[in-house]
Amino acid sequence: MEIKELRSIHIDLEKKIYEINGEPMRCVRKLNLVLDAEGWSLRISKDEWLVSVVLGQEREEP
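Throughout what follows, the structure given in this document is the object of discussion. (Residues numbered from 1 in each chain as written. Predicted model: local features only at pLDDT ≥ 70, side-chain atom pairs only at ≥ 80, totals over all residues. Heavy atoms only, no water.)

### Some remarks on a nonpolar patch on the surface
Phase 1 of the analysis: Residues I9, I11, L13, Y18, L31, L33, L35, W40 and I44 make up a contiguous nonpolar surface patch of about 870 Å² in total accessible area.
Phase 2 of the analysis: Elements with a contribution of two residues or more to the nonpolar patch: strand 1 (9-12), strand 4 (28-36) and strand 5 (39-46).
Phase 3 of the analysis: Residue contributions to the nonpolar patch peak at three residues, all from strand 4.
Phase 4 of the analysis: Tracing the chain through its elements places I11 in strand 1.
Phase 5 of the analysis: On the accessibility criterion, I11 (45% relative accessible area) is partly exposed. (Patch = residues over 30% accessible without salt bridge, like charges linked within 9 Å, V, L, I, M, F, W, Y side chains within 5 Å. Areas by Shrake-Rupley, 256 points an atom, 1.4 Å probe, with all protein chains shown as cover. Salt bridge = Lys/Arg side-chain N within 4 Å of Asp/Glu carboxyl O. Helix = DSSP H or I, 4+ residues; strand = E, 2+ residues; numbered from the N terminus. Buried < 20%, exposed > 50% of the residue type's maximum accessible area, 1.4 Å probe, protein only.)

So, in structure tokens, the structure goes:
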């Protein structure tokens, strides 16, 4: 698991803006935002697709 610094989160449902640290959220399924004695933390569950490329052929995205 990779841990990164949380600097900002921007969610605007009307404008359809979904960003973490100024970067668009892609393939995110679940967010868990927590405030405790240590500060804010955000856990993200997301899907990523990895595909192999056969020599001489390109594969389309799912």
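### Focus on the environment of M25
Phase 1 of the analysis: Position of M25 among the secondary structure elements: in the loop between strand 3 (23-24) and strand 4.
Phase 2 of the analysis: In sequence terms M25 and I9 are 16 residues apart; their C-alpha atoms lie 9.8 Å from each other.
Phase 3 of the analysis: When neighbours within four sequence positions are excluded, M25 is seen to be in contact with H10, I11, Y18, E19, I20 and L31. (Contact = heavy atoms within 4.5 Å.)

The analysis is restricted to geometry; functional conclusions fall outside its scope.
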